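Notes for the structure review
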Amino acid sequence: MIFPNEFISAVFCPPTGPWDGVPDRLSDLVFLTLKEIGVNRIFAYGMDNRPETIERTFRQCERFQIGYLPCVSASGEYSRILPGDNGEKPFSELTAEEKDALDGRFVQQIRQYASYPAFAGITFCDECGYLSFPGISHAKQVFDRHFPGYEFHANFFSYSINDEIFWGGMAFHGHPGALDTMDLPFSLTGEMEIKFDNRFRYYDRLVEGLLSKAPFEVISQDKYPFEEFWPTVPTSVHTALFELNAYFKLKSMKYASRFYNFMQIGQWFKAGRKMTFGEMALQVNVTAAYGAAGFGWFPGVFPLDWRNEEAMEDGKNGGAAFIDINGNPTQYVPWVKALNDFMKPFACDLLESELLGVAAYGTYNNGFEWEIVKKLPDSECIYHGQLPDMLRYSEPGVTAWCSNQIMVATFVKEGKKRYYVVNLSSVYDNTLKLTLPATGYSVQEMDRTYLTGSTVETTLKPGCALFAKEN
C-alpha cells in the first residue's frame, strides 16, 4: 500500500489482541474509529508482537484501507551498540560476512509481510542514539534496494536529552557506567555541551549524523508540548512546538524528505493539567503551518506496557490515546475528527505548495504573566510570543489587527499564494482583521467555507486556524 498525496496520519502504539485481562482491541470499532479520524498508517511498535496479532492487524488494515508498518527483529541487530544479553555483538563489531548474513535475515523477515495488501513499509526504530547511526543507515540502504517505494521510519528524540541519550538513546538504560567505557568520536563539551543555549549545535550534530549517511524519505521527532513541566503554569506551551517544526522543515527541504512530528494525545502520566481542545488544535495547526507532511499520534492506542502503572491510571481510562485500555474511543476522537475534516478540503493543495516562511502578528496572551513566569526554572522553554528565527518570512502587503497573537504561514503554488493563519493562544478566542495582497480568496475555517476580497475578518477559537487560497 503506497499512499497518494495526503497527510501522513500515523498512530504509534497499535491495537492489540487479548492480553492479561486487557480485552481484544483489534475490533471493527477500533479500526473504524481510527479510519474516521483520518488515520492512514499504524506503526507496529509495542508489546504484542504475536504472529496472530500481526496477521489480524494486516487483515483489518486491508479492510479499512490503512497502511500497516510492522517491526522486524533484525532491526535491533543493526541498532545494537552494546553486547546483547546472550553475547550478541554490537553492529560495529560484526565482520563483513556477519553483516551480509544480517542483511539476509532482515530482507527475509520483511518479505514475509510485503505480500500483504496493507503493507506500507516498516517501523524500524524509535529514539536511537548517535552511536547506532552506522547500523541504521546500513539497514536503510539494504531496505531501499529490496523494497523501493515503501516507507522506513526511524524516529528521532527531541533536543531535551542528556549525554547518555545523545550517544545511546535508551540503550544505556539498565547499564550504568557503560558510556564511560566507550570510545566516542567527539566530545560533548564547549559549544557542544548539552544545555539549552547549545540545543541546535548538539542536536544538529545528532540529526545530521543520520540524515547525511543515507536517504530518508520521511523524518520525524517527538516532543510533547503540554506535559506538566511547570505545574504553576497550566497553560504553558513548550517552545519546541515551534522550534522543532521549523528545524525539521529545514531538514526536509535540504534532504528532499517529508517530515512529520508526533502529536500529544492527552496526559498519560498523572497530572493536574488536562489537555484541552485548544491545545490539540494548536499542535496540529502549528505543525501544518510549518509545512509538515502530516502527524504521528502518541499514544494511538493505550499501550499494554503501561497497563499496571499506578501513575497511568487516568491515562488508561480515557485520559490519553484515541482508544483506551478497554478498547473504547476517548474524548480525543471527535476533536481530531473535527481537525481532520477542517484540513481535508485543502490538504492535497497544501502538500503540493512551497512554504516561504512564517510571521507573527499581535501580542501573545495565554493566561500567564511572563514577568512572573520567567523566574521559574527552565522558563526559557516556555513559549511567550517569540517565534524562532528559522523560516521567518513577512509577506509584503500583509497587515493584521488581532486580539491575540496569530502566526501567518505563506505558501505558494503555481504563482498563487496560500496563507495558513493560526490563533497561537490555546486559551482565548482571537478576533482578527487580516489584509492580504491579492483581490480575492477562498477561505476554509473549522465550520465554514466562503469567498472574500482582500480582507478576512473573523474570530478563531483557541488553537484554531483558517486557510486562505488566492483565487
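Residues numbered from 1 in each chain as written. Predicted model: local features only at pLDDT ≥ 70, side-chain atom pairs only at ≥ 80, totals over all residues. Heavy atoms only, no water.

**Digging into the overall build of the chain**
Within the chain, the secondary structure is distributed over 13 helices and 17 strands. Dimensions of the chain, computed from C-alpha atoms along their principal axes, come out at roughly 65 × 55 × 50 Å. Expressed as a percentage of the 471 residues in the chain, the buried residues total 58%. Partitioning the contacts of the chain with sequence separation of at least 6, the portion at a separation of at least 24 is 74%. Split by element, the accessible area of the chain, about 19,100 Å² in all, is 50% carbon and sulfur. Across the chain, the centroid of the 42 positively charged side chains sits 5 Å from that of the 58 negatively charged ones. (Helix = DSSP H or I, 4+ residues; strand = E, 2+ residues; numbered from the N terminus. Buried < 20%, exposed > 50% of the residue type's maximum accessible area, 1.4 Å probe, protein only. Contact = heavy atoms within 4.5 Å. Areas by Shrake-Rupley, 256 points an atom, 1.4 Å probe, with all protein chains shown as cover. Lys, Arg positive; Asp, Glu negative; His and termini not counted. Charge placed at Lys NZ, Arg CZ, Asp CG, Glu CD.)

**With respect to the sheet that holds strand β11 (residues 406-413)**
The strand order across the open sheet built from six strands is β9-β11-β12-β17-β14-β15, with neighbouring strands paired in antiparallel fashion. Here the strands that pair on one side only, and so sit at the sheet edges, are β9 (354-361) and β15 (449-452). Direction aside, neighbouring strands of the sheet carry axes that sit 20 degrees apart on average. By the bridge criterion, five bridges tie strand β12 (residues 416-423) to strand β17 (residues 465-470) in an arrangement that is antiparallel. Bridging from a neighbouring strand, Val422 pairs with Ala465 of β17. On top of the sheet, helix α11 (residues 332-343) reaches β12, β14 (441-444) and β17; it is set at about 10 degrees to β17, its chief contact. (Pairing = 2+ DSSP bridges. Axes fitted to C-alpha atoms, helices over the stretch in contact; angles between N-to-C directions.)

**Focus: helix α2 (residues 51-64)**
Between its first and last C-alpha, α2 extends 20 Å over 14 residues, near the 20 Å set by a 1.5 Å rise per residue. The inward-facing, buried residues of α2 contact α1 (28-36), β2 (41-43), β3 (67-69) and α4 (96-114). Taken from the residues just after α2, Gln65 is the one with a positive phi, measuring 55 degrees. (Expected span 1.5 Å × (residues − 1).)

**A closer look at a negative patch on the surface**
Together, Asp163, Glu164, Asp180 and Glu193 make up a region of like negative charge exposed at the surface. Looking at where Asp180 falls in the secondary structure, it is placed in the loop between α6 (163-168) and α7 (199-211). Residue class for Asp180 comes out exposed when judged on its relative accessible area of 69%. (Patch = residues over 30% accessible without salt bridge, like charges linked within 9 Å, V, L, I, M, F, W, Y side chains within 5 Å. Salt bridge = Lys/Arg side-chain N within 4 Å of Asp/Glu carboxyl O.)

**A closer look at the pattern of salt bridges**
Close approach of charged atoms allows side chains of opposite charge to pair. Evaluated as defined, the whole model comprises 30 salt bridges. Asp349 is paired through a salt bridge with Arg418; the nearest N and O atoms lie 2.8 Å apart. Taken together, the residues Asp349 in helix α12 (residues 347-351) and Arg418 in strand β12 connect sequence positions 69 residues apart. Judged on exposure class, the residue Asp349 and its partner Arg418 are both buried. The closest approach of N and O atoms between Lys469 and Asp349, which form a salt bridge, is 3.7 Å. One end of the pair, Lys469, is in strand β17; the other, Asp349, is in helix α12, and 120 residues separate them in sequence. Overlapping salt bridges bring together Asp349, Glu352, Lys413, Arg418 and Lys469 as one network.

**Some details on the layout of surface pockets**
Roughly 1,500 Å³ of internal volume is contained in the largest pocket. Broken down by secondary-structure element, the contributors of at least two residues to the lining of the largest pocket are α3 (74-79), β4 (121-126), β5 (151-157) and α6. The element best represented in the lining of the largest pocket is β4, accounting for four residues. Of the residues that constitute the lining of the largest pocket, the class distribution is 25 nonpolar, 17 polar and eight charged. (1 Å grid on protein atoms, 1.4 Å probe; cavity = no way out; pocket = protein on both sides within 12 Å on 5 of 7 lines; lining within 4 Å. Points joined across faces, edges and corners; volume = space filled by probe spheres on them. Nonpolar A, V, L, I, M, F, W, Y, C, P; charged D, E, K, R; others polar.)

**As for the pairing of strand β13 (residues 430-435)**
Residues Asn430, Leu432 and Leu434 line the buried face of β13, whereas the alternating positions Thr431, Lys433 and Thr435 sit on a face that is not buried. As judged from the four bridges shared by strand β10 (residues 399-402) and β13, these two strands associate in the antiparallel manner. Bridge pairing in β13 places Thr399 opposite Thr435. Looking at chain direction, β13 and strand β16 (residues 455-460) are connected through six bridges and run antiparallel. Across the sheet, the residue bridging to Asn430 is Leu460, located in β16.

**Describing the nonpolar core**
Within the largest apolar cluster, 126 residues are counted, with the highest numbers of intra-cluster contacts made by Phe106, Phe322 and Tyr420. Apart from residues lying up to four places away in sequence, Phe106 is in contact with Val72, Ala74, Ser75, Tyr78, Ile122, Phe124, Ala139, Val142, Phe143 and Phe152. Core analysis: the second largest hydrophobic core is formed by 22 residues, Phe12, Phe43, Phe298 and Ala321 among them. (Core = buried A, V, L, I, M, F, W, Y, C linked by side-chain atoms within 4.5 Å.)

**Some thoughts on the environment of Asn328**
Take Asn328: it is sitting in the loop between α10 (313-319) and α11. Looking at Asn328, the relative accessible area reads 39%, which means it is partly exposed. It is 7.5 Å that separates the C-alpha atoms of Asn328 and Val30, two residues lying 298 residues apart in sequence. Beyond its immediate chain neighbours, meaning those up to four positions away, Asn328 contacts Phe322 and Ile323.

**Focus: the packing of aromatic side chains**
Going through the model one piece at a time under the given rule, you end up with 57 aromatic pairs. Relative to Phe298, the ring of Tyr224 has its centre 5.6 Å away and its plane inclined at 25 degrees; by these criteria the two rings are stacked. Here the residue Tyr224 occupies a position in the loop between β6 (218-222) and α8 (240-255), and Phe298 occupies one in strand β8 (residues 294-298), the gap between them amounting to 74 residues. Owing to a relative accessible area of 12%, Phe298 belongs among the buried residues under this scheme. Members of the aromatic cluster, joined through ring pairs, are Tyr130, Phe133, Phe156, Tyr159, Phe166, Trp167, Phe186, Phe196, Phe200, Tyr203, Tyr247 and Phe248. For Lys140, the ring lying beneath its charged end belongs to Phe152, and the centroid distance is 6.0 Å. Positioned above the aromatic ring of Phe216 is the side chain of Lys140, whose terminal nitrogen or guanidinium carbon lies 5.6 Å from the ring centre. (Phe/Tyr/Trp six-rings, centres within 6.5 Å; stacked < 30°, edge-to-face > 60°. Lys NZ or Arg CZ within 6 Å of the ring centre and 35° of its normal.)

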